[in-house]
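Residues per chain are reported as follows:
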2 protein chains.
Amino acid sequence: MYIPTLDDMIAARARIDAHIHNTPVLTSRMLNELTGAELFFKCENFQKAGAFKARGASNAVFGLSDAQAAKGVATHSSGNHGTCLSYAAGRRGIPCTVVMPRTAPQAKKDAVRGYGGRVVECEPSTSSREAVFAEVVAQSGAEFVHPYNDPRVIAGQATCSAELIEQVADLDAVIAPIGGGGMVSGTCLTLSNLAPGIKVYAAEPLNADDAARSFRAGHIIADDAPDTVADGLKVPLKELTWHFVRNHVTDILTATEEEIVDAMKLIWKRMKIVMEASSAVPLATIIKNPEVFAGKRVGVIITGGNVDLDKLPWNT
Amino acid sequence: MYIPTLDDMIAARARIDAHIHNTPVLTSRMLNELTGAELFFKCENFQKAGAFKARGASNAVFGLSDAQAAKGVATHSSGNHGTCLSYAAGRRGIPCTVVMPRTAPQAKKDAVRGYGGRVVECEPSTSSREAVFAEVVAQSGAEFVHPYNDPRVIAGQATCSAELIEQVADLDAVIAPIGGGGMVSGTCLTLSNLAPGIKVYAAEPLNADDAARSFRAGHIIADDAPDTVADGLKVPLKELTWHFVRNHVTDILTATEEEIVDAMKLIWKRMKIVMEASSAVPLATIIKNPEVFAGKRVGVIITGGNVDLDKLPWNT
């Protein structure tokens, strides 16, 4: 297992610079008053393809040799990683195949295709996904880019907090949502090297609290079919992300579904930005744990903005 | 009738600097490709109190003598002007009274009160509003700040395009929604003096096209009970705003309700920002009139972001 290093993050930053946004940091006086903290929202909802995953995907794609690139990239993801890999592949002009359950939302398939990627449908089961994916790779020779358990992807996500600490001085903590742990791992990679005084917190839906339970148990525990409105956060930790979480995360905090939706709506209403339910989990946990964050300067990663506007969680 | 001047805008800018945001300008590659133009969105949805009207309201409030300020300010508005006047008065620590129909949405009343203002309810008729408002002014001696037909308000709104032309070089045109005409008048004031080569366009709902009809007729025509999703744009021009519209606007373009809602949803989906239906009218008209804007660098004023998230127009 190769653990990505600070040099990998620095190389990633140079490699992806032309393909991603240095996203803005927004603040809200009202949310500061509500929480007693100074919050600095790093807005990856404004990122290319609408999510921080454009960073890791771009780093993987633009790091390929020309020979490998010609064969393309492939992944299985019905979320932002598939869209972002398609985006990055489109920028390089190479093939991208995303294996998705045929039951995945049409909007997700359209998003992959919108950037030029190919969608290959499988049945909604792990066995079908693995079989179809193996066939895709066997036929094309495409490079598999895992959504998070990949050093290239983690080094790419790590560029986000490198920007953040240039944009905001003297942070006490950074908090990000945790699903598979790619963003949290990247945050740990950068901060443990460049700003070890900044604590890293992870925020997780109580309904998918495998990372919090793993953190307490000291080994990876996977959820059994978790169900949460924060649909990007259902996936389990893997060995590479577990390495960073175990060694560098201060705590993993959880929030209920209602707390997540309330925080999401609050951000939309007061900050006027469109962001995903997953991105609201950090604020939900900050509101819930004022003793942890009050008086602190806290970076909050808003991870993505790809929302189905026809199915907002407070309207269902 | 006093016509505000460039000096009034410059004075306004210094006066309100500490109380408003220099709002960011956002771009979208996808929307540029769609329209064939280069669009620069001036995001007043991120403005204090959620709308550009914080500019004019702050200029009026902070321009008052101490003696007048002690008696407070008053207006009649169930929209952003009431909220923004309450915001500005709160910043100066003076009383603010907003007369609103008792049938106005609770959220609008709460917004005024949230900044410290007082809501006085009237019956939902012009005669009741005028009678109640006259009583408020008679009792308090409060200064009336009209939502748009007021040189202090227009000079305040004019600061928006002064920022815009510092943020974006070589604009060919600026387009803003038009209701009463305060933002369009302020835009005309600034650009006709500082950048007379930039054309000013106004965008209006077809269902409330009094300004477009006035523009063609050469005199003010008021709508009779217009109904549009762009609820900030129902009010008619008045003599002061008509002066600027008549003399400096290149054209007034209109869009249907469906075109407005489609443009609103497109901006939410692609730009990840929460903004009002009124703010989508310019993009709707740009999409509809490609021959006017293709190849041009166009500033687009996103006027506000105070949306009822429980009643989005595409969910009703």
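Because the structure is a prediction, the values reported are computed rather than measured. (Residues numbered from 1 in each chain as written. Chains lettered and ligands numbered in written order. Predicted model: local features only at pLDDT ≥ 70, side-chain atom pairs only at ≥ 80, totals over all residues. Heavy atoms only, no water.)

1. A word on the overall build of chain A
Then, number 1: A count of helical and extended segments in chain A gives 15 helices and 10 strands.
Then, number 2: What you see for chain A is a C-alpha radius of gyration of 18 Å, in line with the 20 Å of a compact globule of 316 residues.
Then, number 3: The C-alpha extent of chain A, read off along each of the three principal axes, is 55 × 45 × 40 Å.
Then, number 4: Residues counted as buried form 57% of the 316 residues belonging to chain A.
Then, number 5: Considering only contacts within chain A whose residues lie at least 6 apart along the sequence, 72% involve residues at least 24 apart.
Then, number 6: A total accessible area of about 12100 Å² is found for chain A, and carbon and sulfur atoms account for 49% of it.
Then, number 7: A distance of 3 Å separates the average location of the 31 positive side-chain charges in chain A from that of its 35 negative side-chain charges. (Helix = DSSP H or I, 4+ residues; strand = E, 2+ residues; numbered from the N terminus. Rg over C-alpha atoms; globule rule 2.2 N^0.38 Å. Buried < 20%, exposed > 50% of the residue type's maximum accessible area, 1.4 Å probe, protein only. Contact = heavy atoms within 4.5 Å. Areas by Shrake-Rupley, 256 points an atom, 1.4 Å probe, with all protein chains shown as cover. Lys, Arg positive; Asp, Glu negative; His and termini not counted. Charge placed at Lys NZ, Arg CZ, Asp CG, Glu CD.)

2. With respect to unusual backbone geometry
Then, number 1: The phi dihedral of Ala49(A) is positive, around 60 degrees, even though this residue is not glycine.
Then, number 2: Its location among the elements puts Ala49(A) in the loop between strand 2 (38-43) and helix 3 (53-62).

3. Examining the UniProt feature "domain: Tryptophan synthase beta chain-like PALP" (unreviewed entry) in chain A
Then, number 1: Residues given the UniProt feature "domain: Tryptophan synthase beta chain-like PALP" (unreviewed entry) here are residues 17-304 of chain A.
Then, number 2: Helix makes up 48% of residues 17-304 of chain A and strand makes up 17%, while its end C-alpha atoms are separated by 19 Å. (UniProt positions renumbered as here; feature names shortened; annotations may be inferred.)

4. Here we look at the nonpolar core
Then, number 1: One finds Trp268(A) and Trp268(B) to be the most contacted residues of the largest nonpolar core, which totals 77 residues.
Then, number 2: With sequence-adjacent residues up to four places away left out, Trp268(B) is seen in contact with Trp268(A), Val274(A), Leu309(A), Ile273(B), Val274(B), Met275(B), Val307(B), Leu309(B), Leu312(B) and Trp314(B). (Core = buried A, V, L, I, M, F, W, Y, C linked by side-chain atoms within 4.5 Å.)

5. Let's talk about the domain arrangement of chain A
Residue and element names in this part refer to chain A.
Then, number 1: The domain architecture assigned to chain A consists of domain 1 (6-51 + 151-315) and domain 2 (54-144).
Then, number 2: Taken together, both faces of the contact between domain 1 and domain 2 bury some 1700 Å²; the carbon and sulfur share is 51%.
Then, number 3: Considering only the side of domain 1, the residues that lose the most area to domain 2 are His 19, Ala 49 and Arg 152, jointly responsible for 39% of the buried surface there.
Then, number 4: The partner of Arg 55 in a salt bridge is Glu 163, and the shortest N-O contact between them spans 2.9 Å.
Then, number 5: Joining domain 1 to domain 2, the criterion identifies 14 residue pairs in polar contact (both at pLDDT 80 or more).
Then, number 6: Counting residues per element, the ones that place at least two in the side of domain 1 that touches domain 2 are helix 1 (6-16), helix 8 (151-157) and helix 9 (159-167).
Then, number 7: For the side of domain 1 that touches domain 2, the residue count by class is nine nonpolar, eight polar and seven charged. (Domains from an automatic or database assignment. Buried area = accessible area lost by both parts, 1.4 Å probe. Salt bridge = Lys/Arg side-chain N within 4 Å of Asp/Glu carboxyl O. Polar contact = N/O pair within 3.5 Å; in protein donor to acceptor, adjacent residues only side chain to side chain. Nonpolar A, V, L, I, M, F, W, Y, C, P; charged D, E, K, R; others polar.)

6. Details of helix 7 (residues 126-140) of chain A
Residues and elements named next belong to chain A.
Then, number 1: With 15 residues, helix 7 should cover 21 Å at 1.5 Å per step; its first-to-last C-alpha distance of 21 Å lies within 8% of that length.
Then, number 2: Residues of helix 7 that are buried include every one of Ser 128, Val 132, Phe 133 and Val 136, and no others. The arc enclosing the buried residues of helix 7, seen along the axis, measures out at 120 degrees, which places them on a common side. Facing away from the buried side of helix 7 by over 90 degrees, the exposed positions are Ser 127 and Ala 138.
Then, number 3: Of the surrounding secondary structure, the elements contacted by the buried residues of helix 7 are strand 3 (73-76), strand 4 (96-101), strand 5 (118-122) and strand 6 (143-144).
Then, number 4: Remark: Gly 141 follows helix 7 within two positions and exhibits a positive phi of approximately 70 degrees. (Expected span 1.5 Å × (residues − 1). Arc of directions from axis to C-beta.)

7. A word on the packing of helix 13 (residues 257-271) of chain A against helix 14 (residues 277-288) of chain A
Residue and element names in this part refer to chain A.
Then, number 1: Interhelical geometry of helix 13 versus helix 14 gives an angle of 105 degrees and a closest axis separation of 7 Å. The pairing of helix 13 with helix 14 is recorded here as roughly perpendicular in orientation. Contacts between helix 13 and helix 14 involve Glu 259, Ile 260, Ala 263, Met 264, Leu 266 and Ile 267 on the former and, on the latter, Ala 277, Ala 280, Val 281, Leu 283, Ala 284, Ile 287 and Lys 288. (Axes fitted to C-alpha atoms, helices over the stretch in contact; angles between N-to-C directions. Parallel < 35°, antiparallel > 145°, perpendicular 65-115°, else oblique.)

8. Let's talk about the sheet that holds strand 4 of chain A
All names here are of chain A.
Then, number 1: Across the sheet, which stays open at both edges, the four strands sit in the order 5-4-3-6 with parallel pairing between neighbours. Among the strands making up the open sheet, the edge pair consists of strand 5 and strand 6.
Then, number 2: Relative to strand 4, strand 3 runs parallel, the two sharing four bridges. Each residue of the ladder has a partner; that of Thr 75, found in strand 4, is Val 98.
Then, number 3: Docked against the sheet, helix 5 (residues 80-92) engages strand 3 and strand 4, running at close to 170 degrees with respect to strand 3.
Then, number 4: Together, strand 3, strand 4, strand 5 and strand 6 form the strand contacts of helix 7, whose direction differs from that of strand 5 by roughly 140 degrees. (Pairing = 2+ DSSP bridges.)

9. Thoughts on the relation of the copies chain B and chain A
Then, number 1: For the pair chain B and chain A, the best superposition has an RMSD of 0.0 Å and corresponds to a rotation of 180 degrees with a translation of 0.0 Å parallel to the axis. Both chain copies can therefore be described as sitting about a two-fold axis. The rotation axis passes nearest to the C-alpha of Ile273(B) in chain B, at a distance of 2.2 Å.
Then, number 2: Here 100% of the interface residues in chain B have copies in chain A that are interface residues too; the copies meet face to matching face. (Least-squares fit on C-alpha atoms with pLDDT ≥ 70 in both.)

10. Things to note about the side chain of Thr303(B)
Residues and elements named next belong to chain B.
Then, number 1: Its place among the elements puts Thr 303 in the segment after strand 10 (297-302).
Then, number 2: Accessibility expressed as a relative area gives 6% for Thr 303, which makes it buried.
Then, number 3: Among the polar contacts listed, one links the side chain of Thr 303 to the side chain of Ser 279, at a separation of 2.8 Å.
Then, number 4: With near-sequence residues (within four places) excluded, Thr 303 lies in contact with Glu 44, Asn 45, Ala 51, Phe 52, Pro 177, Ser 278 and Ser 279.

11. With respect to the side chain of Asp223(A)
Then, number 1: Mapped onto the fold, Asp223(A) is located in the loop between helix 11 (210-217) and helix 12 (239-248).
Then, number 2: Polar side-chain contacts of Asp223(A) include one of 2.5 Å to the side chain of Arg213(A).

12. Let's talk about the interface of chain B and chain A
Then, number 1: Contact with chain B, which involves 22 residues of that partner, is made by 22 residues of chain A.
Then, number 2: Both sides together, the interface formed by chain B and chain A hides about 1800 Å², and carbon and sulfur atoms give 50% of it.
Then, number 3: Joining chain B to chain A, the criterion identifies two salt bridges.
Then, number 4: Where Asp310(A) meets Lys265(B), a salt bridge forms, and the shortest distance between an N and an O atom there is 2.7 Å.
Then, number 5: The tally of links between chain B and chain A comes to 10 residue pairs in polar contact (both at pLDDT 80 or more).

13. Structural notes on the environment of Lys272(B)
Then, number 1: Checked against the element boundaries, Lys272(B) lands in the loop between helix 13 (257-271) and helix 14 (277-288).
Then, number 2: In contact with Lys272(B), not counting residues within four places along its chain, are Asn45(A), Phe46(A), Gly50(A), Ile273(A), Val274(A), Gly305(A), Asn306(A) and Ile267(B).
Then, number 3: Of note is the side chain of Lys272(B), whose polar atom sits 2.8 Å from the backbone oxygen of Lys269(B).

14. What to know about the sheet that holds strand 4 (residues 96-101) of chain B
Residues and elements named next belong to chain B.
Then, number 1: The sheet built from four strands is open, its strands ordered 5-4-3-6 with parallel pairing. Unpaired on one side and paired on the other, strand 5 (118-122) and strand 6 (143-144) mark the two borders of the sheet.
Then, number 2: Two strands pair when backbone bridges link them, and strand 4 and strand 5 are joined in this way by five bridges, in the parallel orientation. Following the sheet pairing, Met 100 is matched in strand 5 by Glu 121.
Then, number 3: Where helix 5 (residues 80-92) meets the sheet, it contacts strand 3 (73-76) and strand 4, and its direction lies at approximately 170 degrees from that of strand 3.
Then, number 4: Relative to strand 5, helix 6 (residues 106-114) is tilted by about 145 degrees, and along the sheet it contacts strand 4 and strand 5.

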